[in-house]
Structure formats: C-alpha cells, structure tokens
Amino acid sequence: MPVAGLTTLGIVLLCGMLGGCVTSGDAPSQAADGIDRVRAGEPTFLQQTYMTMDKSCRQVKRPTAVLTRDPEHGKVRMATRKAEAVYGPGPYAHCDGRVGNSLAFEYTSRPDYRGRDSFEVKVRYADGEVRDGRFEIEVR
C-alpha cells in the first residue's frame, strides 16, 4: 500500500509475539551500514522506528523507550510518527507496508559539531518484551 512520503528500507527486523517490529519512515539518508546521515544543528527524525501490530495487522499500543546512553554531541527527542511496517519473512510478512504509529527518535546535534555520534535506548513493547537499540549518526 504506497503512502506518500514513506519509504521502506531493508532493515534487519526483530519481530516478537505481538508483531513488534523495527519500521521505516521518512528520514535522512541511511547507508547500508545503518548509519543515519544528518545536517549539523538540524532536528532530524532517524530512519529506525518501532511499532507493534497484531496478526490482523491492526495497530497495538506503541512501544515506549528510555535513553540508556545519551549522545555526546547532541540531544534526542522521542515522538510518535507514522511509518510502514517492515517484517520480511515470517508470520507477520502479510503486514509489510501497513502504516501505523511508531516510536521515533529525533536527533539534533550541536550546531558547530561535525563527525560521528551515537546513543542507545531500551524499547518496551505492550506485551512486556524489552529490546535494546543503538543509533549511529554521522553529522555533516
């Protein structure tokens, strides 16, 4: 189901019992190496987001998260954004491309910073499952 402004990237997926998945939304360029490339000082939503659907591809409560390691050269804000589910092979493959509310991360570097940054999160799904996430960023 094509939706304007959304893209689907080949992301390694981690899908749980309720169909928790890593999703993709409209975001900065992300190379095959999984590093988001952003402009210095500009708030930018990162490519990787998290959502949950049931086996009928209906939205389930959006996951929550906490920062477990802050970025050294910027700040992160968590928000709800629309994204396409990307499950790939498995019991939720029929949900690929469905759009739902996802947990998204907006990163803003210091205006004068150029280089690499990263941060880590702990994501909690509605069924209690907890996953660790890591974001790698190149600030240009």
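In short, a report on the structure. Everything numeric here is computed off the predicted structure, so don't read it as measured data.

Rules used in this analysis
Residues numbered from 1 in each chain as written. Predicted model: local features only at pLDDT ≥ 70, side-chain atom pairs only at ≥ 80, totals over all residues. Heavy atoms only, no water. Core = buried A, V, L, I, M, F, W, Y, C linked by side-chain atoms within 4.5 Å. Buried < 20%, exposed > 50% of the residue type's maximum accessible area, 1.4 Å probe, protein only. Helix = DSSP H or I, 4+ residues; strand = E, 2+ residues; numbered from the N terminus. Contact = heavy atoms within 4.5 Å. Disulfide = S-S within 2.5 Å. Pairing = 2+ DSSP bridges. Axes fitted to C-alpha atoms, helices over the stretch in contact; angles between N-to-C directions.

1. Considering the nonpolar core
Okay, so step 1: Among the nonpolar cores identified, the biggest contains 17 residues, and Phe-105, Tyr-107 and Phe-119 are the most heavily contacted of them.
Okay, so step 2: At the level of secondary structure, the elements contributing two or more residues to this core comprise β7 (99-109), β8 (115-124) and β9 (130-139).
Okay, so step 3: Setting aside residues up to four positions removed in sequence, Phe-105 forms contacts with Thr-44, Phe-45, Leu-46, Gln-48, Tyr-50, Ala-65, Val-76, Arg-77, Met-78, Phe-119, Val-121 and Phe-135.
Okay, so step 4: With eight residues, the next largest nonpolar core counts Met-53, Cys-57, Ala-85 and Tyr-92 among its residues.

2. Looking at the state of the cysteines
Okay, so step 1: Inspection of the entire model under this criterion finds one disulfide.
Okay, so step 2: Through a disulfide, Cys-57 is tied to Cys-95; the S-S separation comes to 2.1 Å. Between Cys-57 and Cys-95, the S-S dihedral sits near -90°, and the bridge is therefore left-handed. Here Cys-57, found in the loop between β4 (48-52) and β5 (64-69), pairs with Cys-95, found in the loop between β6 (74-85) and β7; they are 38 residues apart in sequence, far enough to count as distant.
Okay, so step 3: Looking at Cys-95, the relative accessible area reads 0%, which means it is buried.

3. Some words on the sheet that holds strand β2 (residues 35-38)
Okay, so step 1: Taken in spatial order, the four strands make up an open sheet running β2-β9-β8-β5, and their pairing is mixed. A strand with exactly one partner marks an edge of an open sheet, and here the two such strands are β2 and β5. Within the sheet, the average angular offset between the axes of one strand and its neighbour, ignoring direction, is 35°.
Okay, so step 2: As paired strands, β5 and β8 are joined by five bridges and run antiparallel to one another.

Functional significance is not addressed by these values, which are geometric in nature.
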